[in-house]
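Here are the chains, one letter per residue:
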Amino acid sequence: MDDPSQTARRVVIGFGDAANLPEDDDLPTESMPLNMGPSHPAMHGTVRMVLEVEGEKIRSADVQVGYLHRCFEKEAENATWTQIFPYTDRLNYVSPMLNNVGYALAVEKLLDIDKKIPERAQFIRVIVGEISRITDHLTCLAASAMELAAFTVFFYLMKAREWLWELLEELSGARLTHSYVRIGGVVADLTDDFCPKLRDILRRCRASIDDVNKMLTSNRIFRDRMDGIGIITRDDALAWGLTGPVGRSTGLDYDVRKDHPYLVYDRFDFDVPVGSKGDNFDRYAVRLEEMRQSMRILEQAIDLLPAGPVLIDDARVALPPKREVYNTIESMIAHFKLIMDGIVVPPGEIYSFTEGGNGELGFYIVSNGTGQPWKCRVRPPCFANLAVLNKLLPGLFIADLVPTFGMINMIGGECDR
Amino acid sequence: MAGDMPVPAGARANVKMVIDGQAYEFPAGLTILEACQRVGIKVPFFCWHPGLSAPAVCRQCLVEIKGFPKPIPSCYTAVADKMEVITNSERVLDVRRQMLEFTLLNHPIDCPICDKAGECMLQKHYFDWDARAARNDGSKVGKAKVVDVGRHIVLDQERCILCTRCIRVCNEVARQQDLVMAFRGDRQLLTTAPGRRLDNPYSLNTVDVCPVGALTAKDFRFSMRAWELWATPSVCPGCATGCNIEIQAARNVVRRLIPRLNPAVNKYWMCDDGRRTYKPLHENRLAAPMIAGAATSWGAALTEAARLLDQARDKSPATLGVVLSAQMTNEDLFAFSRLATECLRTDRVYLVGAPDGWCDDILVSADKNPNTTGAKLIGGPTLRTAADLKRDLEGGVVTALLLVGEAVGPLDSLQTLVAVTAHQDPPVAAAQVALPLAMWAEVDGSFTNRQGKVQRLYAALAPAGQSRPGWETAVRLARALGAAWTYGEAKQVFGEVCAKVTLMSRADWGKPEMPVQLRFANSRG
């Protein structure tokens, strides 16, 4: 048995001598758990990451979602089909219009009226959707740049986002939670000077994006933080079901707008940018380019915008004009039934998917023939995208976590529903 | 409904016919409309009602029959061999729409203020079969909005679509000609017959059958939107007939009682008196257990009640009586009977109840208690009567009483009185201990009607205040008196009743029923 005093004397704190260092260059340390979130400024929504770190290195990561769960799917079962729109606004809350459109398309397919939506309404849906896609990407890039200390970029991009949201506010009455789309079309026509305003905003936005491009793309500090960090291979992207800019950054050429065109996307000339390395920088670059492509679509859509109604002419689906409601019993009844009982959707099920801000936004809806869905399941793109983070983080530095997480662009409202 | 029953293969005297290209076989004598309902083909109607004759005035059920030049009302035409019926051709749908357009032409724009909105057949048919915008922008023919036609009912002549259902209810159910149509064309209106008012004992059935909001019940109108109500099946406690009803309640308050189809008991109807039986549910309820007039906890009250009863039993079981009521459910009656014989060891069990009243040969019984049959079956031949109780109280034969029913005779001579009661009635003041009792709409239970049918009650409301079902109070009293009873729910008590009472041996507790919100019950209109 050793003499206890002798044992105590042999304890060495740290490594007293360089010769004692192991072969490995790293300073060996004890691993320790580190909680990031759920209430952490870099955890955008509310997500918790339980990391096992050794020094600055992440050994393993456990990404825990659900802190922003609001029972979207259960709430939807207790609302009429129309009352669900405000809930969809709160899914991906930086691109609410895209959720509105995605949900409306699903219900319209179930109602078998998807081919009867007025053309102008379809164009308007494309326009508001693409504006939302731009605001989605602007938010993502702005926040991520700021987290890398590029505060100027944050202001440049947020300013551009605000121009677009002001325009949507003018259109829908709400800056963020628009609830502008309806089953059968949209609630109201574009405001009178919407198109010229949009053209002007696009011009200014393009300038902002160019400025940001100049500030970041060849910026040594920014590139060092983004290049080669968080690499996802194309095979992994397929295996994990990654879509949207995250999937495309790996070279996976999948965009619902191109591969399964809906609304009138097949009439526009636009490109789908893809990355080659699947790292953070590619995700940044894909988003930057996608905004430019969205602007191309918007400009074409404004030019081609047809005249006509913006809501389907079907009293069983769309609310009649107020003048009719107050003055004729027919429209009064239709209004009453649509509000109190809801649109009667024939029994059946549908999976309908669109290109959301973060990728494939799917709605799987089951109707039992009443005014409410029996089931309304969402495939939130960033839920699948976020799942890959557990695999991505080990081996990175803690500091790399922030841009990597930022470029995945997890939106709590959508991910947790 | 009978319309949902499958067609039995090889039934007697069948006719072979074709509806919408599909061959069917029906028993002779059926109308085309009934035939369509049996096989699930939807044909709209306003004036037809399964419990009434068919005058074919609304022309909503028109169908085409091959070989007939004009569309034919299906509610009025019997099925026949080799008949070919088309219910959904463009022509049929078009004539129905045109008839509906006539109906809507002068219909007031009242949905927001109309009590029928949400359960209105006009709304439903317009939405299901028409859903087209108005083509007429002219002014509507005005009629009287508020006509006080009877004790319980207000008529809005503008809303009336002239289907005559209410007239037929009066003529065929109540057998009194109270209502008639007057004038013609767009000035035609529903009114009371000369010198009469809509005061027959079944008048409120006219409100139920009214497809629109023309006839509204004074009791219900403007009190609650129909679609906010939750419906629970139950049985009317008004008399021994036991009409099947639906309790329609919202936020723990009953708003109306509606008859529920039972071909063997009440068909589609119930009497006006029965509709008011929900009133005592919300009036003057005893909310908490009382000891000597002061509110207390259940635990303290039960201990005190058990002590008093124990004392009375030990002193002289022959002077200890238990009073049961024919208003109680089978479960309550059984539990308290068992308490009397097993725990209190007395055979002095009295059956009281509401006094007899008026009756007719339609639905109303003279016996105003819903469960006299059940009480007599459970109590057996030794049951004493209300007259016995009165005599025994006056004679001082009974000195201690567990009172679960109505008080008969003077209570002031009693040394011990434990009252289990739903209301703040005189016995509460006289009782040393009063325990609050849940009423028929607040419990799961059963009544046995005058025909011997055991019919289920379902709890539509939470019990008022701290009141508890009677059987549960009996169980707790029994435990306080040292018995080891284990009933945990009414169903167990019911099972034991069925096992003990031969005539109830085949009674069935049935399936659980949840309240259904009328809003999403697919607009019953």
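How each quantity is defined
Residue numbers restart at each chain and count upward from 1, following the sequence in its written direction. Lettering of chains starts at A and numbering of ligands starts at 1, both following the order in which they are written. At least 70 in pLDDT is required for a residue's local features to be given in this predicted model, at least 80 for side-chain atom pairs to be given and counted, and no such filter applies to totals for whole chains, interfaces and linings, which use all residues. Comment: elements are numbered from the N terminus, with helices defined as DSSP H or I runs of at least four residues and strands as E runs of at least two. Field definition: a residue is buried when 20 or more other C-beta atoms are found within 10 Å of its C-beta, exposed when 12 or fewer are, and partly exposed for counts in between, with C-beta atoms placed from the backbone. Here contacts are defined at the residue level, using C-beta atoms placed from the backbone and a cut-off of 7 Å between them. Summary of the metric used: pLDDT quantifies the predictor's per-residue confidence within the range 0 to 100. Classes in brief: Ala, Val, Leu, Ile, Met, Phe, Trp, Tyr, Cys and Pro nonpolar; Asp, Glu, Lys and Arg charged; the others, Gly included, polar. Any two strands are treated as partners once DSSP identifies two or more bridges connecting them. Bear in mind that the domain bounds are from an automatic or database domain assignment. For helices, the axis comes from a line fit to the C-alpha atoms of the stretch in contact; other axes are also lines fit to C-alpha atoms, and the angle between any two N-to-C directions lies between 0 and 180 degrees. In this scheme the crossing of two helices becomes right-handed for a clockwise turn of the near helix relative to the far one and left-handed for an anticlockwise turn of less than a right angle. Working definition: the nonpolar core is a set of buried Ala, Val, Leu, Ile, Met, Phe, Trp, Tyr and Cys residues, joined through C-beta atoms within 7 Å. Should an angle fall under 35 degrees it is taken as roughly parallel, and over 145 as roughly antiparallel, whereas 65 to 115 is taken as roughly perpendicular and any remaining angle as oblique. Expected span of a helix, by definition, is 1.5 Å for each gap between consecutive residues, and there is one gap fewer than residues.

**Section: the overall build of chain A**
Now for step 1: In terms of helices and strands, chain A carries 18 helices and eight strands.
Now for step 2: With the principal axes as the frame, chain A shows a C-alpha extent of 100 × 50 × 35 Å.
Now for step 3: Considering chain A as a whole, with its 417 residues, one finds that 48% of them fall into the buried category.
Now for step 4: Long-range contacts, defined as pairs at least 24 residues apart, comprise 71% of the intrachain contacts of chain A with a sequence gap of at least 6.

**A short note on the overall build of chain B**
Now for step 1: On a plain count of helices and strands, chain B comes out with 13 helices and 23 strands.
Now for step 2: Viewed in the frame of its principal axes, chain B has a C-alpha envelope of about 90 × 55 × 40 Å.
Now for step 3: For chain B, buried positions account for 49% of its 525 residues.

**A short note on the confidence of the model for chain A**
Now for step 1: Confidence in the prediction of chain A, expressed as mean pLDDT, is 87, and 93% of residues score 70 or more.
Now for step 2: Between residues 4-16 of chain A, whose pLDDT stays under 50, and residues either more than four places distant or in other chains, the model counts three contacts.

**Re the interface of chain B and chain A**
Now for step 1: Taken together, the 18 residues of chain B in the interface contact 18 residues of chain A.
Now for step 2: In terms of residues, the side of chain B that touches chain A owes the most to one element, helix H3 (residues 121-130) of chain B, which gives three residues.
Now for step 3: Along the lines of polarity and charge, the residues of the side of chain B that touches chain A split into eleven nonpolar, five polar and two charged.

**A word on the pairing of strand E11 (residues 230-235) of chain B**
All names here are of chain B.
Now for step 1: Of all six residues in E11, five are buried, a share of seventy percent or more.
Now for step 2: Pairing of E11 with strand E23 (residues 516-517), which is carried by two bridges, proceeds in the antiparallel orientation. Note on E23: the bridge partner recorded for Ala-231 is Val-516.

**Describing the domain arrangement of chain B**
Now for step 1: Structurally, chain B comprises domain 1 (2-102), domain 2 (107-123 + 136-223) and domain 3 (290-509).
Now for step 2: The centre of domain 1 of chain B, based on its C-alpha atoms, is set 53 Å off from the matching centre of domain 3 of chain B.

**Focus on the sheet that holds strand E8 (residues 373-379) of chain A**
All names here are of chain A.
Now for step 1: Across the sheet, three strands lie side by side as E6-E7-E8; this open sheet has antiparallel pairing. Every interior strand has two partners, whereas the edge strands, strand E6 (348-356) and E8, have only one. Along the sheet, successive strands turn relative to each other by an average axial angle of 15°, direction set aside.
Now for step 2: Taken together, the nine bridges between E6 and strand E7 (residues 359-367) define a ladder with antiparallel strand orientation. Counted as the bridge partner of Phe-353 is Gly-362 from E7.
Now for step 3: Those strands touched by helix H4 (residues 96-111) are E6 and E7, and its axis lies near 150° from that of E6.

**Description of the confidence of the model for chain B**
Fine structural detail should not be taken from predicted coordinates in areas where pLDDT scores are low.
Now for step 1: Mean pLDDT over chain B: 89, with 97% of residues reaching 70 or higher.
Now for step 2: ipTM for the predicted complex: 0.81, alongside a pTM of 0.81.

**Overview of the packing of helix H7 (residues 298-315) of chain B against helix H12 (residues 470-480) of chain B**
Residues and elements named next belong to chain B.
Now for step 1: Interhelical geometry of H7 versus H12 gives an angle of 60° and a closest axis separation of 9 Å. Considering how the two elements wind past one another, H7 and H12 form a crossing that is right-handed. Taking contact as the criterion, the partners of Leu-302, Thr-303, Ala-305 and Ala-306 in H7 are, on H12, Arg-476, Leu-477 and Ala-480.
Now for step 2: When its residues are assigned to classes, the contact of H7 with H12 shows five nonpolar, one polar and one charged.

**Some details on the nonpolar core**
As a rule of thumb, nonpolar side chains are buried together in soluble globular proteins.
Now for step 1: Counting 268 residues, the largest nonpolar core has Val-107 of chain A together with Ala-305, Leu-324 and Val-418 of chain B as the members making the most contacts within it.
Now for step 2: When residues of this core are assigned to their parent elements, the largest contribution, 13 residues, is made by helix H5 (residues 119-147) of chain A.
Now for step 3: Non-local contacts of Leu-324 of chain B, meaning those with residues more than four positions away in its chain, are made with Leu-333, Phe-336, Ser-337, Val-349, Tyr-350, Leu-351, Ala-375, Gly-379, Val-404 and Gly-405 of chain B.

**Concerning the environment of Val-272 of chain A**
Residue and element names in this part refer to chain A.
Now for step 1: Tracing the chain through its elements places Val-272 in the loop between helix H11 (256-259) and helix H12 (280-304).
Now for step 2: With 16 C-beta atoms counted inside 10 Å, the residue Val-272 sits in the partly exposed group.
Now for step 3: Considered as a pair, Val-272 and Glu-289 are 17 residues apart in the sequence and their alpha carbons are 8.6 Å apart.
Now for step 4: Residues within four places of Val-272 in sequence aside, it is in contact with Arg-248, Asp-253, Asp-255 and Lys-258.

**Some details on the environment of Gln-327 of chain B**
Residues and elements named next belong to chain B.
Now for step 1: Mapped onto the elements, Gln-327 comes out in the loop between strand E16 (320-325) and helix H8 (330-343).
Now for step 2: A sequence separation of 238 residues divides Gln-327 from Ser-89, and the C-alpha atoms of the two residues are 55 Å apart.
Now for step 3: Excluding anything up to four places from it in sequence, Gln-327 contacts Pro-237, Gly-353, Ala-354, Asn-369, Pro-370, Asn-371 and Gly-405.

**Points about unusual backbone geometry**
Now for step 1: The phi angle at Cys-71 of chain A is positive, at roughly 60°, despite the residue not being glycine.
Now for step 2: Examined against the element boundaries, Cys-71 of chain A turns out to sit in the loop between strand E3 (57-64) and helix H2 (72-76).
Now for step 3: One non-glycine residue, Asp-20 of chain B, adopts positive backbone phi at about 50°.
Now for step 4: Given 15 C-beta atoms within 10 Å, Asp-20 of chain B falls into the partly exposed group.

**With respect to the packing of H8 of chain B against H12 of chain B**
Residues and elements named next belong to chain B.
Now for step 1: With their axes 7 Å apart at the nearest point, H8 and H12 run at an angle of 20° to one another. When the axes of H8 and H12 are compared, the pair comes out roughly parallel. Where H8 crosses over H12, the handedness of that crossing is left-handed. Every residue of H12 that contacts H8 at Glu-331, Asp-332, Ala-335, Phe-336, Leu-339 and Cys-343 is listed here: Gly-470, Trp-471, Ala-474, Val-475, Leu-477 and Ala-478.

**Re the sheet that holds strand E5 (residues 84-86) of chain B**
Residues and elements named next belong to chain B.
Now for step 1: On the basis of which strands lie adjacent, the open sheet formed by five strands has the order E2-E1-E5-E3-E4 and mixed pairing. Because the sheet does not close on itself, it has two edges, and the strands there are strand E2 (22-27) and strand E4 (72-73).
Now for step 2: Here two bridges tie strand E1 (residues 14-19) to E5, and the two strands are oriented parallel to one another. Within the sheet, the bridge partner assigned to Val-18 lies in E5 and is Glu-84.
Now for step 3: Each of strand E3 (62-65) and E5 touches helix H2 (residues 90-105); the most contacted strand, E3, lies at about 150° to it.

**With respect to H4 of chain A**
An α-helix turns once every 3.6 residues. As a result, residues three or four positions apart point the same way.
All names here are of chain A.
Now for step 1: Compared with an ideal rise of 1.5 Å per residue, which puts 16 residues at 22 Å, H4 spans 23 Å between its outermost C-alpha atoms and is within 8% of the ideal.
Now for step 2: With 15 of 16 residues buried, H4 lies mostly within the body of the structure.
Now for step 3: Directly beyond the C-terminal end of H4, a positive phi value near 60° is found at Asp-112.

**What to know about helix H14 (residues 329-340) of chain A**
Now for step 1: Given a rise of 1.5 Å per residue, twelve residues ought to cover 16 Å, and the 16 Å separating the end C-alpha atoms of H14 of chain A matches this to within 8%.
Now for step 2: By the criterion of burial, H14 of chain A is predominantly enclosed, with eleven of the twelve residues buried.
Now for step 3: Among all positions of H14 of chain A, only Ile-329, Glu-330, Ser-331, Met-332, Ile-333, Ala-334, His-335, Phe-336, Lys-337, Leu-338 and Met-340 of chain A are buried.
Now for step 4: Where the residues of H14 of chain A are buried, they touch helix H13 (322-327) of chain A together with H2 and H3 of chain B.
Now for step 5: Just past H14 of chain A, the residue Gly-342 of chain A takes up positive phi, approximately 90°.

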